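# Report on the structure
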Amino acid sequence: MIHYSNMSWAEVKGQTHDEGKSKHHLISFDKLSNDAFDRFKARHLDGYEDSIFSFALQNRLRVVGIREKEHFHVLWYDPDHEICPSKKRHT
């Protein structure tokens with residue numbers, strides 16, 4: 001994460017993988033797992049539904065938090081990509 005602290009948001013969002021897909025991106029609130037949705041509500045984060053951001057650090061490892069202007073507030077360490085599970089292609 002220290003590496004990212006010296007980057008602009010445009011630089012972060014410009015990093016890609018898998019045929020040009022964005023590596024780090026906002027997460028749609030309705031894509032959260034049920035557990036993550038419940039924890040988000042329990043932490044009284046209403047009003048931040050459009051600010052949930054995911055950093056892809058390694059394979060399935062993610063750090064998920066709230067992007068607020070130029071700041072990032074970590075909410076979850078997600079080692080198995082379970083906060084916002086992706087649909088596997090061709091299954």
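See the structure printed just above.
For the structure given in this document, a descriptive report is provided here. All residue numbers refer to positions counted from 1 along the written sequence of the respective chain. Per-residue local features are limited, in this predicted model, to residues with pLDDT of at least 70; the limit for side-chain atom pairs, both in listing and counting, is 80 or more; totals at the level of whole chains, interfaces and linings are taken over all residues. Hydrogens and water are ignored here; the side-chain numbers use all heavy atoms of the structure.

## Describing unusual backbone geometry
The condition is simple: The buried label applies to any residue whose accessible area, calculated with a 1.4 Å probe on protein chains only, is under 20% of its type's maximum; exposed applies above 50%, and partly exposed to all values in between. By the criteria applied, helices consist of DSSP H or I runs no shorter than four residues and strands consist of E runs no shorter than two, each listed in order from the N terminus.
With a phi angle near 55 degrees, H44 is a residue other than glycine that sits in the positive phi range. Judged by relative accessible area, H44 falls into the exposed class, the value being 66%. One non-glycine residue with positive phi stands out, namely N59, at about 25 degrees. Looking at the element boundaries, N59 is found in the loop between β4 (52–58) and β5 (61–68). For N59, a relative accessible area of 77% puts it in the exposed group.

## Topic: a negative patch on the surface
Just so we agree on the cut-off: To count toward a patch, a residue needs a relative accessible area above 30% and no salt bridge. Like charges then connect within 9 Å, nonpolar side chains (Val, Leu, Ile, Met, Phe, Trp, Tyr) within 5 Å. Only the protein chains shown count as covering a residue, and every accessible area follows the Shrake-Rupley method with a 1.4 Å probe. We define a salt bridge as a side-chain nitrogen of Lys or Arg found within 4 Å of a carboxyl oxygen belonging to Asp or Glu. Counted as positive: Lys and Arg. Counted as negative: Asp and Glu. His and the chain ends are not counted at all. Charged groups are reduced to one reference atom each: NZ for lysine, CZ for arginine, CG for aspartic acid, CD for glutamic acid.
Taken together, the side chains of D35, D38, D80 and E82 make up a negatively charged region of the molecular surface. Position of D38 among the secondary structure elements: in helix α3 (residues 34–42). Since its relative accessible area comes to 48%, D38 is described here as partly exposed.

## Quick look at the layout of surface pockets
Applicable threshold: Only protein atoms enter the 1 Å grid, on which a cavity is a set of points fitting a 1.4 Å probe that cannot get out and a pocket is an open set with protein on both sides within 12 Å along at least 5 of 7 lines, lining residues being those with an atom within 4 Å of a point. Grid points are joined across faces, edges and corners, and a volume is the space filled by probe spheres set on the points. Gly counts as polar in this scheme, as do all residues outside two lists: the nonpolar Ala, Val, Leu, Ile, Met, Phe, Trp, Tyr, Cys and Pro, and the charged Asp, Glu, Lys and Arg.
In this structure, the second largest pocket occupies an estimated 160 Å³ of space. Going through the elements one at a time, α1 (2–5) and α2 (9–14) are the ones with two or more residues in the lining of the second largest pocket. Among the residues forming the lining of the second largest pocket, the class breakdown is seven nonpolar, two polar and one charged.

## Side note on the pairing of strand β6 (residues 71–78)
Every regular strand shows the same layout, with side chains that alternate between the two sheet faces. Spelled out, the test is: Between any two strands, at least two bridges found by DSSP are needed for them to pair.
Pairing of β5 with β6 involves seven bridges; the strand directions are antiparallel. The partner of R67 across the bridge, within β6, is F72. In sequence, β5 turns back onto β6 through a hairpin of two residues, with K69 there showing a positive phi of about 55 degrees.

## Quick word on the sheet that holds β4
Cut-off, in case you're wondering: What makes two residues a contact is simply this: any of their non-hydrogen atoms within 4.5 Å. Note on geometry: axes are C-alpha line fits, over the in-contact stretch for helices, and angles between N-to-C directions span 0 to 180 degrees.
With antiparallel pairing, the four strands of this open sheet are ordered in space as β3-β4-β5-β6. Since the sheet does not close on itself, it has two edges, and those belong to β3 (25–26) and β6, each with one partner. Here β4 pairs with β5 via six bridges, running antiparallel. Residue pairing across strands places F53 opposite G65, the latter belonging to β5. Sheet strands touched by α3: β4, β5 and β6. Its angle to β6, the strand with the most contacts, is close to 135 degrees.

## Here we look at the nonpolar core
Within soluble globular proteins, side chains that are nonpolar generally end up buried alongside one another. Threshold: Among buried residues, the Ala, Val, Leu, Ile, Met, Phe, Trp, Tyr and Cys ones that are joined through side-chain atoms within 4.5 Å form a nonpolar core.
Judged by nonpolar contacts, the single largest core of 13 residues is most densely connected at L32, F40, I52 and W76. Elements represented by at least two residues in this core include exactly α3, β5 and β6. Other than its neighbours up to four places away in sequence, I52 contacts H25, L26, I27, F29, L32, F40, V64, G65 and I66. Counting six residues, the second largest nonpolar core, distinct from the first, contains Y4, W9, F53 and F55.

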